Structure formats: C-alpha cells, structure tokens
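Survey of secondary and tertiary structure
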Amino acid sequence: DGGITQSPKYLFRKEGQNVTLSCEQNLNHDAMYWYRQDPGQGLRLIYYSQIVNDFQKGDIAEGYSVSREKKESFPLTVTSAQKNPTAFYLCASSMGKLSSYNEQFFGPGTRLTVL
Amino acid sequence: GQQVMQIPQYQHVQEGEDFTTYCNSSTTLSNIQWYKQRPGGHPVFLIQLVKSGEVKKQKRLTFQFGEAKKNSSLHITATQTTDVGTYFCAGPTGNQFYFGTGTSLTVIP
C-alpha cells in the first residue's frame, strides 16, 4: 500500500522541549516537503528536500530543522527556538523537483500542541 | 514578499448553486495547481495548469489559468454536499512553493 505516513497524529509537548515529527514515504519520490498550517490559513513551506542529503529552507524555516539521510524519510524537528509551534504539520512528497510539474502527495498530518 | 491570495475566504451556498474561488499571486507562477482539503483531512491534488490562458474541466469543475500566469480560478457548477472543503491554489516561483490562503466552501443541503 503506497503512500506517506506521519506519526503521531496528535502530539503534546511542554514549552522549551524539542520535538521530532516523523514522515516516511514508499512512493520512491525524490522530493519531500514540510508545511505548517494554522487555523483558517493556507499551507506555508518550512523546508524541502529534492535529493538525499540536501535540503532547502522554505519561507518559515526559523526554529525548525530537518535531515534527509534516506530517500524514504524526512523528519522535522521543532526546536525550542520556534516561538509559536502549535500548529498542524503536513509532510508531502513529489516525483520531481519543486519547480517541476508534479503533484504533491500529502500525509495525514501531525497536530502539535505545545503547552 | 510573495503572496498568493484567494477570495472569498469563506463561501456558503445552497446545494445546486454555483461556486467560484479566485486566486491571485503577486508574482508569476510557472504553473498552478489546485488542491482540495476536506474538514479534518489533508490536501488532495485536483489538477495542474501550465499554459497561460489554459482552461481545464473535470466534470462539474472548471479551472482557468490567467494570461499573465498570476491568477487562476476554480468554478464549480451545481454544487453538491460532497464538494464541501477548502480549496487551495498553489504554485512554484523561483525556488519556493506557495499555497494560496484557501476558500472554505460550505454546501447547505
């Protein structure tokens, strides 16, 4: 069953703690993305990766970090430096590069609440 | 900075009425994609438009890409309750990818 998995679905953390969100895909896609969605708003790009061991900052990268050690995996760490981390986080992947004509496939998302 | 705005932000329609959402980018997009997000769900790709002035249809949905490749629209004819959700336009510019602010559609049976 091909697709993108994100875990966990809901995550609660105390303020000041780093937290890592998981994203795995078995679609053999080269590109992977992390977005943040706040209530009533669109998606904003945090980071993206077009190839293993390479990633680029999106519009709102401050306070986040990523790694891409394997093609299938693109974990996102929300650090304590992120001033307003409570949000819905969506991971996506696509066959080609960001600027190419490829649809993005999204995971089910992780809803992070920082208390 | 780059902005992709959509209007209206919210739209309530009676079932059977038409619906249109408009997408405007502050810069030229190389292509425009449309996604639908059901309440509580994740965005799902609907379609992609590449050429300026392009029009594509999917059953009751009509998508249009502006001549200057800075605006787009999605029109739904005779809405059904299954059309409920938030519709986003999106596209790449430079080395970034931007989603519009979205239009949330409610269909009243």
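Please refer to the structure higher up on the page.
Anyway, here's the lowdown on the structure attached to this text.

How each quantity is defined
Residues take numbers from 1 onward in each chain, read along the sequence in its written order. As they are written, the chains are lettered A onward and the ligands numbered 1 onward, keeping that order. pLDDT decides what is reported in this predicted model: residues at 70 or higher carry local features, side-chain atom pairs at 80 or more are listed and counted, and totals for whole chains, interfaces and linings draw on all residues regardless. Heavy atoms from the whole structure form the basis of all side-chain values; hydrogens and water molecules are not counted. DSSP bridges decide pairing: two strands pair if at least two such bridges lie between them. The helix and strand labels rest on DSSP assignments: H or I over at least four residues marks a helix, E over at least two residues marks a strand, and numbering proceeds from the N terminus. Working convention: axes come from line fits to C-alpha atoms, limited for helices to the stretch in contact. Angles between N-to-C directions cover 0 to 180 degrees. Buried means the residue's accessible area, taken with a 1.4 Å probe over protein chains only, is under 20% of the maximum for its type, while exposed means over 50%, and partly exposed covers the values in between. The criterion used for residue contact is that any of the two residues' heavy atoms lie within 4.5 Å. When two parts are brought into contact, each loses some accessible area as probed by a 1.4 Å sphere; the total of that loss over both is the buried area. For this document, the term salt bridge refers to a Lys or Arg side-chain nitrogen within 4 Å of an Asp or Glu carboxyl oxygen. Pairs of N or O atoms within 3.5 Å make up the polar contacts considered here, provided that, within protein, one atom can donate a hydrogen while the other can accept it, and that residues adjacent in sequence are counted only when both atoms are side-chain atoms. Ring geometry is summarised as follows: Phe, Tyr and Trp rings, the Trp one being its six-membered ring, pair when their centres sit within 6.5 Å, and such pairs are stacked at plane angles under 30 degrees, edge-to-face over 60 and tilted between the two. Buried residues of nine kinds, namely Ala, Val, Leu, Ile, Met, Phe, Trp, Tyr and Cys, make up a nonpolar core once their side-chain atoms join them within 4.5 Å. Cysteine sulfur atoms that pair up within 2.5 Å are treated as a disulfide.

1. Overview of the sheet that holds strand 8 (residues 71-76) of chain B
All names here are of chain B.
- Taken in spatial order, the five strands line up as 1-3-8-7-6 in an open sheet, and their pairing is antiparallel. At either end of the open sheet lies a strand with only one pairing partner, and these are strand 1 (4-7) and strand 6 (55-58). The average angle at which neighbouring strand axes cross in this sheet is 15 degrees, direction not considered.
- Inspection of the sheet shows strand 7 (residues 61-65) paired to strand 8 by five bridges, in the antiparallel sense. Note on strand 8: the bridge partner recorded for Phe65 is Ser72.

2. Here we look at the pairing of strand 3 (residues 19-25) of chain B
Residues and elements named next belong to chain B.
- Side chains Phe19, Thr21, Cys23 and Ser25 of strand 3 all project onto a buried face; the interleaved residues Thr20, Tyr22 and Asn24 project onto a face where none is buried.
- Pairing of strand 1 with strand 3, which is carried by four bridges, proceeds in the antiparallel orientation. Looking at the pairing, Gln6 lines up with Cys23 of strand 3.
- As judged from the six bridges shared by strand 3 and strand 8, these two strands associate in the antiparallel manner. Its bridge partner lying in strand 8, Thr21 is registered against Leu74.

3. Description of the interface of chain A and chain B
- Between chain A and chain B, the residue contacts involve 23 residues of the former and 22 residues of the latter.
- Counting the surface lost from both chain A and chain B, the interface buries some 1,700 Å², and carbon and sulfur atoms represent 52% of this.
- At the junction of chain A with chain B, the criterion picks out zero salt bridges.
- Taken together, the connections running from chain A to chain B amount to seven residue pairs in polar contact (both at pLDDT 80 or more).

4. Details of the packing of aromatic side chains
Residue and element names in this part refer to chain B.
- Under the definition given, this model contains 14 aromatic pairs over all chains.
- Judged by centre distance (5.9 Å) and plane angle (45 degrees), the ring pair of Phe19 and Tyr87 falls under tilted. Taken as a pair, Phe19 in strand 3 and Tyr87 in strand 9 (residues 85-93) lie far apart in primary sequence, 68 residues in all. The two residues Phe19 and Tyr87 agree in class, both being buried.
- A ring pair is formed by Trp34 and Phe63, whose centres lie 6.4 Å apart and whose planes are at 50 degrees; its orientation type is tilted.

5. Structural notes on the sheet that holds strand 7 (residues 64-66) of chain A
All names here are of chain A.
- Ordered by their spatial adjacency, four strands build an open sheet running 1-3-8-7, and the pairing between neighbours is antiparallel. One side of each edge strand has no neighbouring strand; the edge strands of this open sheet are strand 1 (4-7) and strand 7. Taken pair by pair, the neighbouring strands of this sheet meet at an average axis angle of 20 degrees, ignoring direction.

6. Quick word on the nonpolar core
All names here are of chain B.
- Core analysis: the biggest nonpolar cluster contains 20 residues, and Ile32, Trp34 and Phe63 have the highest contact counts within it.
- Broken down by secondary-structure element, the contributors of at least two residues to this core are strand 3, strand 4 (32-37), strand 5 (44-49), strand 7, strand 8, strand 9 and strand 11 (103-108).
- Look past the residues within four positions of Ile32 in its chain and what remains in contact with it is Cys23, Ile47, Gln48, Leu49, Phe65, Ser72, Cys89 and Ala90.

7. Quick look at the state of the cysteines
- One pass over the structure, following the stated rule, counts two disulfides over all chains.
- Disulfide pairing places Cys23(A) opposite Cys91(A) at an S-S distance of 1.8 Å. On the sign convention where negative means left-handed, the S-S torsion of about -75 degrees between Cys23(A) and Cys91(A) marks this disulfide as left-handed. Of this pair, Cys23(A) sits in strand 3 (residues 19-25) while Cys91(A) sits in strand 9 (residues 87-94), and the two are 68 residues apart along the sequence. Both residues of the pair, Cys23(A) and Cys91(A), count as buried.
- Note on cysteine connectivity: Cys23(B) is disulfide-linked to Cys89(B), with sulfurs 2.1 Å apart.

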